[in-house]
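Architecture at a glance
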Amino acid sequence: MYVAVKGGEAAIANAHRLLADRRRGDRSVPSITIEQIAGQLGLAVDRVMAEASLYDRSLAALAIRQARGDMIEAIFILRAYRTTLPRFGTSRPLDTTSMAIERRISATYKDLPGGQMLGATFDYTHRLLDPSLLTDAPVEEPALRQPDDEVSLMRVSEILAQEDLIEADGELPADHVTGDLTREPLEFPMSRDLRLQALARGDEGFLLALGYSTQRGYGNAHPFVGEIRIGEVEVEFDVPELGFAVSLGCIQVTECQMVNQFKGSAKAPPQFTRGYGLVFGQSERKSMSMSLVDRALRATELGEDITAAAQDEEFVISHSDNVQSTGFVEHLKLPHYVDFQAELDLVRRMRRDFEASRQAGNDDDFMEAAQ
Amino acid sequence: MSSHADLATYNFAYLDEQTKRMIRRAILKAIAIPGYQVPFASREMPMPYGWGTGGVQVTASIIGADDVLKVIDQGADDTTNAVSIRAFFQKVADIAVTTKTDEATIIQTRHRIPETRLKSNQVLVYQVPIPEPLRFLEPRETETRKMHALEEYGLMHVKLYEDIARNGHIATTYSYPVKVQGRYVMSPSPTPKFDNPKMHMSDALQLFGAGREKRIYAVPPHTEVVSLDFEDHPFEVQKFDRPCALCGAEHVYLDEVILDDKGGRMFVCSDTDHCEDRRADGHVGELLAKPQEAAE
Amino acid sequence: MTMKTEALTGGFAEPVHQAQGVFKLMMDGMARPGTIQTVGGGGTVPPAPLGIAAGAIALTLCDHDTPVWLSAQLASPLIADWLAFHTGATVTQEKAEARFAFIEAGKALSSFGLFSIGTQEYPDRSATIVIEIANFENGQLLSLSGPGILGTREIRPEGLPDAFLRLWADNRVLFPRGIDVVLAAADRFVCLPRTSKITVREI
């Protein structure tokens, strides 16, 4: 006797219970704390904050724990929380020139005012598994030097600008209101502020692959890392009632300025052009990828031919959001049997027609052979 | 850092009032321009994109404390995602829910239109994955928007005609495009084309929400919804060559259920509420008519 | 800046549920053009001469994303303050910027032309105009047809602006562009989406 499937509710409740069990794992092992995640898996926390576009280390750590370490799931959880928060307004532009810098490198100059600062980087570590991390071996205190307030850490783009060899930073019309793609429907072509917002929220892996593709000839890029700087900047917010800006606190960001060769056009002289990346926390890979893609997406503005995926704004922006992508890819596991039934019926009918016409063809051949 | 104690305080029906107003304005314009896709600033919902976030945002924006909600997926109330969405609204809006089509004031659906004719006090909310009927012919939004603006739907007719040239008939079985009130070509969402005729001159308001694609569109009641076709190849719906094995219903959409690994299968109503109603009224299908034989 | 206390009162007592209720009436009204919707009491008391239904619609749909245009009689500091306090909406002098417009009873209309009618690509970016009239009983018999109407539906609005029928016919020709209208009389209203065709019934 056939009984229709029932009990979705109980199945869901049981699945959630099992999920909680698997998340907790072996009960004899202490559970991981939010402080441990925030403190010791800091780069995971940074990525979740960046792609969720919500700067809150402990909530990001909570999301990572809740998601069992699945980064996109954690980003999703934090975004779903972010969307319920009231929006008070737009901060003043961050002044990254006055960043309290922890790492700063330039690939275009051997030395420059303020110097190169390696900071906390994996760059020259040998990727050998480190047995000392199997235990809780003591870790040395870092050697830090006091910042020298006298030395201004001018940005590399300003050095080039002194010679007028790089395009201006670009300006939006005076009456331009900063866009927010989480609050307004998307429309193509986008203004650059919205595009940068989309890229800053975009999936690191997707942007990495696109940025990489521009280096391999899909998009004609000749990039140099003008500068990457990581450090803390102050966020200021204008309060109309007060008539001045108040500080909301400091956040860590990674900024990348990519410098690209540009041969010039009828209107513009030969000069370097800019690609820009800025992300929450410490993520050079993301900010570099972002600046490569930002530059590639300026093709139309600079009068370049659009030949590659990374230059195609609608393609890039429509597919850069991993919460959207994962939702739609994974929705394929939802039941589709109603539509499948319709397709099944069609394929069966077409197959019958096909067999019938082949049979008819065979009969004709037989007749011809017999004659 | 924020205070984490009050993380879980949400407004009635989850969405904040500002978001609801934005969606409500989009819904009203959608009704005023039948079949036109209104862009809206879709919010990140606490369920994945592609899993009904558009439908959920529409429902959350229209639902009131006195509404009675029914949620179906594939025609059934007990599919897991339908259960999950229904539970969501019970939790965030504390509203009454039902599986009875007749009792519902709002029916949120994925992939089916109920068999029972809808009434004027009901609203049907569709979950829509790809709202743009021209998307698979032209992936660019910038281009498809122009086509709608100019009422330039030749591409769609060419596609359907190529089907006929190749197969002798139109090989589209679901998401079958319709024209609304003689103007906009619209996707009915991935409902089987079997359901298309139910959209035409419906007594109920039909709202469509696409969360990931950020579009809302609508068909007001008593509005012409015509499936695209050709004079010599008129639109036809699927026909099933047997009735429902449980309730004996004909002219309804059936699910194929595989019974064993030897090719045994049966066909039962996709609309589970309709099937239960019929059985309660004493209708009996082939399988239930001979339980003795089946047991022997 | 000082606000009169009248600007601070007369909003929704229960904003979440009342806004849903009025929206539901609007949705039903747009979906079924010509049907009379009644806002009822509920404590909404907009400053005169803004009507109860018109005020309730403003409370339901307007906010700081929707600039509002007010006709001369309505464009008082009190009504502007009331809108600002209860909805966050700002009053604009530019018809083209307005997402909503409120027009007092008896106002002569020369054209809808300066209000946004949307574009062929984005016909939704058009104004919704709420026009106060006298009543829905004693006016000329008008017959509506179009989406949302099975056959025809009759209305008898009294106090339509003089040129309204001609302006409406002009508006329909623009489809899919065009404005949408709400006729309001005290606590009742009737929606006229751009798709509705109006013909004068000879008796």
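Cut-offs used in this document
Residues numbered from 1 in each chain as written. Chains lettered and ligands numbered in written order. Predicted model: local features only at pLDDT ≥ 70, side-chain atom pairs only at ≥ 80, totals over all residues. Heavy atoms only, no water. UniProt positions renumbered as here; feature names shortened; annotations may be inferred. Core = buried A, V, L, I, M, F, W, Y, C linked by side-chain atoms within 4.5 Å. Buried < 20%, exposed > 50% of the residue type's maximum accessible area, 1.4 Å probe, protein only. Helix = DSSP H or I, 4+ residues; strand = E, 2+ residues; numbered from the N terminus. Contact = heavy atoms within 4.5 Å. pLDDT = per-residue confidence, 0-100. Pairing = 2+ DSSP bridges. Axes fitted to C-alpha atoms, helices over the stretch in contact; angles between N-to-C directions. Buried area = accessible area lost by both parts, 1.4 Å probe. Salt bridge = Lys/Arg side-chain N within 4 Å of Asp/Glu carboxyl O. 1 Å grid on protein atoms, 1.4 Å probe; cavity = no way out; pocket = protein on both sides within 12 Å on 5 of 7 lines; lining within 4 Å. Points joined across faces, edges and corners; volume = space filled by probe spheres on them. Disulfide = S-S within 2.5 Å. Nonpolar A, V, L, I, M, F, W, Y, C, P; charged D, E, K, R; others polar. Phe/Tyr/Trp six-rings, centres within 6.5 Å; stacked < 30°, edge-to-face > 60°. Lys NZ or Arg CZ within 6 Å of the ring centre and 35° of its normal. Domains from an automatic or database assignment. Polar contact = N/O pair within 3.5 Å; in protein donor to acceptor, adjacent residues only side chain to side chain. Lys, Arg positive; Asp, Glu negative; His and termini not counted.

You'll find chain B entered in an unreviewed UniProt entry as Alpha-D-ribose 1-methylphosphonate 5-phosphate C-P lyase, with Ferirhizobium litorale given as the organism. For chain B, the Sequence similarities (unreviewed entry) comment in UniProt is given as "Belongs to the PhnJ family." Per its UniProt entry, chain B bears the Catalytic activity (unreviewed entry) comment "alpha-D-ribose 1-methylphosphonate 5-phosphate + AH2 + S-adenosyl-L-methionine = alpha-D-ribose 1,2-cyclic phosphate 5-phosphate + methane + 5'-deoxyadenosine + L-methionine + A + H(+)".

Chain A is annotated in an unreviewed UniProt entry as Carbon-phosphorus lyase complex subunit PhnI from Ferirhizobium litorale.

**Some details on the nonpolar core**
A general tendency of soluble globular proteins is for nonpolar side chains to be buried together. Ranked by size, the top nonpolar core spans 87 residues in total, and within it B:Ile27, B:Leu207, C:Met27, C:Phe102 and C:Phe189 carry the most contacts. If one sorts the elements of this core by residue count, helix H1 (residues 15–31) of chain C sits on top with nine residues. Ignoring sequence-local partners within four residues, the contact set of C:Phe102 consists of C:Leu50, C:Ala54, C:Ala58, C:Cys62, C:Val68, C:Trp69, C:Leu70, C:Ser71, C:Leu74 and C:Val130. Counting 28 residues, the second largest nonpolar core, distinct from the first, contains C:Leu109, C:Leu160, C:Ala185 and C:Val190.

**As for the confidence of the model for chain B**
Within chain B, residue pLDDT values average 92, and 95% of them lie at 70 or more. Across the assembled chains, the prediction reports ipTM 0.97 with pTM 0.91.

**Considering the sheet that holds strand S5 (residues 142–145) of chain C**
Residues and elements named next belong to chain C. In spatial order, the strands read S6-S5-S9; together these three strands make up an open sheet with antiparallel pairing. Edge strands, defined here as strands with exactly one partner in the open sheet, are strand S6 (153–155) and strand S9 (197–200). Averaged over all pairs of adjacent strands, the angle between strand axes in this sheet comes to 30°, irrespective of strand direction. With four bridges joining them, S5 and S9 adopt antiparallel strand pairing. Within the sheet, the bridge partner assigned to Leu144 lies in S9 and is Ile198. Contacts from helix H4 (residues 164–173) reach S5 and S9, with the element oriented near 145° to S9.

**Focus on the interface of chain B and chain A**
Between chain B and chain A, the residue contacts involve 66 residues of the former and 50 residues of the latter. Regarding the contact of chain B and chain A, the summed buried area is about 4800 Å², with carbon and sulfur atoms giving 60% of it. Summed over the shared surface of chain B and chain A, the result is four salt bridges. Residue A:Arg201 pairs with B:Glu44 through a salt bridge whose shortest N-O separation is 3.5 Å.

**A closer look at the layout of surface pockets**
Any empty space left between atoms is shown by rolling a water-sized probe over those atoms. Quantified by volume, the second largest pocket comes out at close to 2000 Å³. Contributing to the lining of the second largest pocket are 46 residues, with A:His16, A:Gln66, A:Glu73, B:Pro46 and B:Met47 lying nearest its centre. Those elements that place two or more of their residues in the lining of the second largest pocket are helix H1 (8–24), helix H4 (57–66), helix H5 (71–82) and helix H11 (322–330) of chain A together with helix H3 (80–93) of chain B. Looking at which element gives the most residues to the lining of the second largest pocket, the answer is H3(B), with nine residues.

**A short note on the state of the cysteines**
Linking two cysteines covalently via their sulfur atoms produces the bond known as a disulfide. Applying the stated rule across the entire model yields zero disulfides over all chains. Unpaired in terms of disulfides, B:Cys275 finds its nearest cysteine sulfur in B:Cys244, a separation of 3.8 Å. The thiol of C:Cys191 is unpaired, and the distance to the nearest cysteine sulfur, on C:Cys62, comes to 14 Å.

**Digging into unusual backbone geometry**
Of note, the bond from A:Phe188 into A:Pro189 is cis; its omega dihedral lies within 30 degrees of zero at -10°. Among the structural elements, A:Pro189 can be located in the loop between helix H6 (156–162) and helix H7 (192–201). With an omega dihedral of 0°, the bond running from C:Ala48 to C:Pro49 counts as a cis peptide bond. With a phi angle near 50°, B:Ser175 is a residue other than glycine that sits in the positive phi range. Examined against the element boundaries, B:Ser175 turns out to sit in the loop between helix H5 (154–167) and strand S6 (178–180). A residue is classified by how much of its surface remains accessible, and B:Ser175, at 25% relative accessible area, is partly exposed.

**Remarks on empty space enclosed by the protein**
Applying the stated criterion to the full structure yields five cavities of 30 Å³ or more. In this structure, the largest cavity encloses a volume near 130 Å³. Forming the walls of the largest cavity are 16 residues, and the residues nearest its centre are B:Gly50, B:Gly52, B:Gln127, B:Val128 and B:Pro129. Secondary-structure elements contributing two or more residues to the lining of the largest cavity are helix H2 (53–62) and strand S8 (205–210) of chain B. Tallied by class, the residues present in the lining of the largest cavity amount to four nonpolar, 10 polar and two charged. One number sums up the size of the second largest cavity: a volume of about 90 Å³. Lining the second largest cavity we find B:Gly35, B:Tyr36, B:Gln37, B:Glu132, B:Glu141, B:Arg145, B:His148, B:Tyr184, B:Arg215 and C:Glu121. Here the lining of the second largest cavity is composed, by residue class, of two nonpolar, three polar and five charged.

**Focus on the packing of aromatic side chains**
According to the stated counting rule, one finds 15 aromatic pairs over all chains in the structure shown. Each ring, one from B:Tyr126 and one from B:Phe208, has its centre 4.0 Å from the other, and the planes form 10°; the classification is stacked. With B:Tyr126 in strand S5 (residues 123–127) and B:Phe208 in strand S8, this pair connects stretches of sequence that are 82 residues apart. Take B:Tyr126 and B:Phe208: they sit in the same class, and that class is buried. Members of the aromatic cluster, connected to one another through ring pairs, are B:Tyr10, B:Tyr14, B:Phe88 and B:Phe89. One Lys or Arg, B:Arg183, reaches over the ring of B:Tyr184 and ends 4.4 Å from the middle of that ring. Above the face of the C:Tyr122 ring, C:Arg125 is positioned so that its terminal group lies 3.7 Å from the ring centre.

**A short note on the environment of B:Thr191**
Within the element layout of this structure, B:Thr191 appears in the loop between strand S7 (184–186) and helix H6 (196–199). Since its relative accessible area comes to 0%, B:Thr191 is described here as buried. Along the chain, B:Thr191 and B:Glu151 lie 40 residues apart, while their C-alpha atoms are 24 Å from each other. Among all residues touching B:Thr191, those that are not within four sequence positions of it are A:Asp339, B:His111, B:Arg112, B:Ile113, B:Tyr126, B:Tyr174, B:Ser175 and B:Asn196.

**Observations regarding the domain arrangement of chain A**
Residues and elements named next belong to chain A. For chain A, the domain assignment lists domain 1 (2–82) and domain 2 (96–122 + 151–170 + 180–322). For domain 1 versus domain 2, the separation of C-alpha centres amounts to 31 Å. The partner domain 2 presents 16 residues to the 15 residues of domain 1 that form the contact. Interface area, domain 1 with domain 2, both sides summed: about 1300 Å², of which 48% is carbon and sulfur. Together, Glu51, Tyr55 and Arg79 form the three largest contributors to the area buried by domain 1 at its contact with domain 2, with a combined 41%. Here domain 1 is connected to domain 2 by three salt bridges. Residue Arg79 pairs with Asp321 through a salt bridge whose shortest N-O separation is 2.9 Å. Run the count over domain 1 and domain 2 and you get nine residue pairs in polar contact (both at pLDDT 80 or more). Elements represented by at least two residues in the side of domain 1 that touches domain 2 include exactly helix H3 (42–52) and H5. The biggest single contributor to the side of domain 1 that touches domain 2 is H3, with seven residues.

**Points about the side chain of B:Asp255**
Turning to its location among the elements, B:Asp255 is positioned in strand S11 (residues 254–258). No salt bridge forms around the buried B:Asp255; measuring N to O, its nearest opposite-charge neighbour B:Arg112 is 6.2 Å away.

**With respect to the sheet that holds strand S4 (residues 106–110) of chain B**
Residues and elements named next belong to chain B. On the basis of which strands lie adjacent, the open sheet formed by seven strands has the order S1-S9-S8-S5-S4-S2-S3 and mixed pairing. Only two strands of the sheet have a single neighbouring strand rather than two, namely strand S1 (38–39) and strand S3 (96–97). The pairing of S8 with strand S9 (residues 215–219) spans five bridges and is antiparallel. Across the sheet, residue Ala210 finds its bridge partner in S9, namely Arg215. Taken strand by strand, helix H1 (residues 17–32) contacts S1, S8 and S9, and its axis lies near 40° from that of S9.

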